Structures are given as structure tokens and as C-alpha cells.
Amino acid sequence: MDAAVVGRVFWRGALMRMASRDDLSTCLGSLEARDFVRREAVSRIQGDQQFAFKHGLIRDVAYQTLPRAARRERHGIVARFLEETTGEVAQSHEALAHHRREAGDHDRAVQHFLAAGDQAGRGWAKERAVALYREALELVPENDERRRDIGRRLAVALQALFHVPDAERLRQGLEPAKPAPGSAENRQE
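Residues numbered from 1 in each chain as written. Predicted model: local features only at pLDDT ≥ 70, side-chain atom pairs only at ≥ 80, totals over all residues. Heavy atoms only, no water.

### A few points about the confidence of the model for the protein chain
Of the residues in the protein chain, 85% have a pLDDT of 70 or more, and the chain-wide mean is 88. Looking at the elements of the protein chain, mean pLDDT is at its lowest for helix α9 (residues 146–171), recorded as 81, and at its highest for strand β3 (residues 50–53), recorded as 97. (pLDDT = per-residue confidence, 0-100. Helix = DSSP H or I, 4+ residues; strand = E, 2+ residues; numbered from the N terminus.)

### Quick notes on the packing of aromatic side chains
Taken as a whole and assessed by the stated rule, the structure comprises 3 aromatic pairs. Between Trp11 and Phe81, the aromatic rings sit 6.5 Å apart at their centres with planes inclined by 35 degrees, giving tilted as the arrangement. In this pair, Trp11 sits in strand β1 (residues 9–11) while Phe81 sits in helix α5 (residues 68–86), placing the two residues 70 residues apart along the sequence. Taken together, the ring pairs in this structure connect Phe10, Phe51 and Phe53 into an aromatic cluster. Sitting over the ring of Tyr63, Arg59 keeps its end group 4.7 Å from the ring centre. (Phe/Tyr/Trp six-rings, centres within 6.5 Å; stacked < 30°, edge-to-face > 60°. Lys NZ or Arg CZ within 6 Å of the ring centre and 35° of its normal.)

### What to know about the nonpolar core
One finds Val6, Phe10, Trp11, Leu15 and Leu82 to be the most contacted residues of the largest nonpolar core, which totals 27 residues. When residues of this core are traced back to their parent elements, those giving at least two are α1 (2–6), β1, α2 (12–18), α3 (24–33), β3, α4 (56–64) and α5. In terms of residues, this core owes the most to one element, α5, which gives 6 residues. In this view, Leu82 contacts Trp11, Ile45, Gly87, Ala95, Leu96 and His99; residues no more than four positions away in its chain are not counted. Ranked by size, the runner-up nonpolar core spans 18 residues in total, among them Val110, Ala136, Leu137 and Ala157. (Core = buried A, V, L, I, M, F, W, Y, C linked by side-chain atoms within 4.5 Å. Buried < 20%, exposed > 50% of the residue type's maximum accessible area, 1.4 Å probe, protein only. Contact = heavy atoms within 4.5 Å.)

### A look at the packing of α5 against helix α6 (residues 93–102)
Two elements in contact, α5 and α6, have axes separated by 7 Å at closest approach and are oriented at 150 degrees. In terms of their interaxial angle, α5 and α6 are classed as roughly antiparallel. When you trace α5 past α6, the crossing you get is left-handed. Residue-level inspection shows Arg72, His75, Val78, Ala79, Arg80, Leu82 and Glu83 of α5 in contact with α6, the latter providing Ala95, Leu96, His98, His99, Arg100 and Glu102. Looking at the contact of α5 with α6 residue by residue, the classes come out as 5 nonpolar, 3 polar and 5 charged. (Axes fitted to C-alpha atoms, helices over the stretch in contact; angles between N-to-C directions. Parallel < 35°, antiparallel > 145°, perpendicular 65-115°, else oblique. Left-handed = near helix turned anticlockwise from the far one by under 90°. Nonpolar A, V, L, I, M, F, W, Y, C, P; charged D, E, K, R; others polar.)

### Thoughts on the pattern of salt bridges
Counted according to the given criterion, the structure contains 20 salt bridges. The partner of Asp35 in a salt bridge is Lys54, and the shortest N-O contact between them spans 2.7 Å. Taken together, the residues span a long stretch of sequence, with Asp35 in the loop between α3 and β2 (37–39) and Lys54 in the loop between β3 and α4 at a distance of 19 residues. When its relative accessible area of 44% is taken as the criterion, Asp35 is described as partly exposed. The exposure class of Lys54 is partly exposed, given its relative accessible area of 28%. Between Glu94 and Arg128 there is a salt bridge, with its nearest N and O atoms 2.2 Å apart. Of this pair, Glu94 sits in helix α6 while Arg128 is found in helix α8 (residues 126–139), placing the two residues 34 residues apart along the sequence. Within the structure, one salt-bridge network assembled from shared partners comprises Glu94, Arg101, Glu102, Arg128 and Glu135. (Salt bridge = Lys/Arg side-chain N within 4 Å of Asp/Glu carboxyl O.)

### Some remarks on the pairing of β3
Sheet faces and side chains relate simply in a regular strand, where the side chains alternate between the two faces. The alternating pattern of β3 places Gln50 and Ala52 and Phe51 and Phe53 on opposite faces, both of which are buried. Here 3 bridges tie β1 to β3, and the two strands are oriented antiparallel to one another. Bridging from a neighbouring strand, Val9 pairs with Ala52 of β3. As defined by bridge partners, β2 adjoins β3 across 3 bridges and the pair is classed as antiparallel. What sits directly across from Val37, in β3, is Phe53. (Pairing = 2+ DSSP bridges.)

### Details of the sheet that holds β3
The 3 strands lie next to each other as β1-β3-β2, forming an open sheet whose pairing is antiparallel. The strands lining the two open edges of the sheet, one partner per strand, are β1 and β2. Here the strands of the sheet are splayed against their neighbours by 30 degrees on average, with no regard to which way each runs. Most of the contacts of α3 go to β2, to which it runs at about 110 degrees, and overall it touches β1, β2 and β3.

As C-alpha cells, this is what we get:
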């Protein structure tokens, strides 16, 4: 059940942090033999064995069996594990945001959502950037001064998302799409 808190992909080291067990190898071997999880040849975390649930439904059922308080505590442990093992590399910000939010650490979750949104916005993942900024905004109270900065980032990401089709056309050597007749962009004042 602890592995389900980590996510569809999980690491032996994260499980050891949640509950140090002498029989962890036996448990993982049993899950693998029953075709619930698979050991992966390559790990995203250097020096740690990576596993993955065979099916998302298996992970979801295991996750739901844990009481909320236990989930919250374990999400905090997973967040600390990821911070220590990944060094908060850019690819880990979204996972860290998720685990921090679920652990109830909203301030740090917001920081990670913003970092993940910034990274997505620098690439072609404009829609993902919008979603990440919205998740950050949901965690910030109405009277918090950070809302203005997050709102600005969200507006920029939305504007960039609006222009993605034109950028794609330009990249392919085509002309940007012309505004529809009668649209605000095509009216002459």
C-alpha cells in the first residue's frame, strides 16, 4: 500500500523510508510474481531500484485502502525522499508539488507548482503550464499577495497557449491563420 502513495512508479528507497522492513525484498518479489508490479531495468533515481504498477487500477485500489491520515504522512515522507534523491531537478517539481499538496504543505506545493509551470511554459507544454499555475492558484488564500504574481504567470501562459497554433504553422513554414471575417482582429476602426 505504501508504494501506491509514491505513484504509478515507485522506488525501493521510498518504501524503506515509510517503514523499514527486513522482508521488503520478499514482499516486492511476491508482488512481482503475482504480476501486480514489475521491476524496471532503468531507474530515474540513480542507485535505487525502480518498480511500476502493472495497471493504474491496482495502484488506485491500494491507495484507497490507506486511511487519509496515513496517506498524508506518507506523502510528506515521499516528498522528502524525492527532494533528497533528485536534488529538486526540474523534472521532479510537478511530483514534489503533488506530494507536498497531499501532505498539507501548501506553501511548498505552490513553489513547486510554479517551478513546474515555468518549466512547462518554456517549452511547448503551454496547456500543462496553464494547468499547473491554476493548481498553484487554488492553494493560495484570497488575500495572499502571491495571487497577483501567479495570476500574471497564468495570463502569460494563456496568451502563449492561444498562439501555439500560429507558432506551429510558422514552424512548418506556413502562414499564420488569418482572422475570421468580422472578428475583432480583422475589424478596421
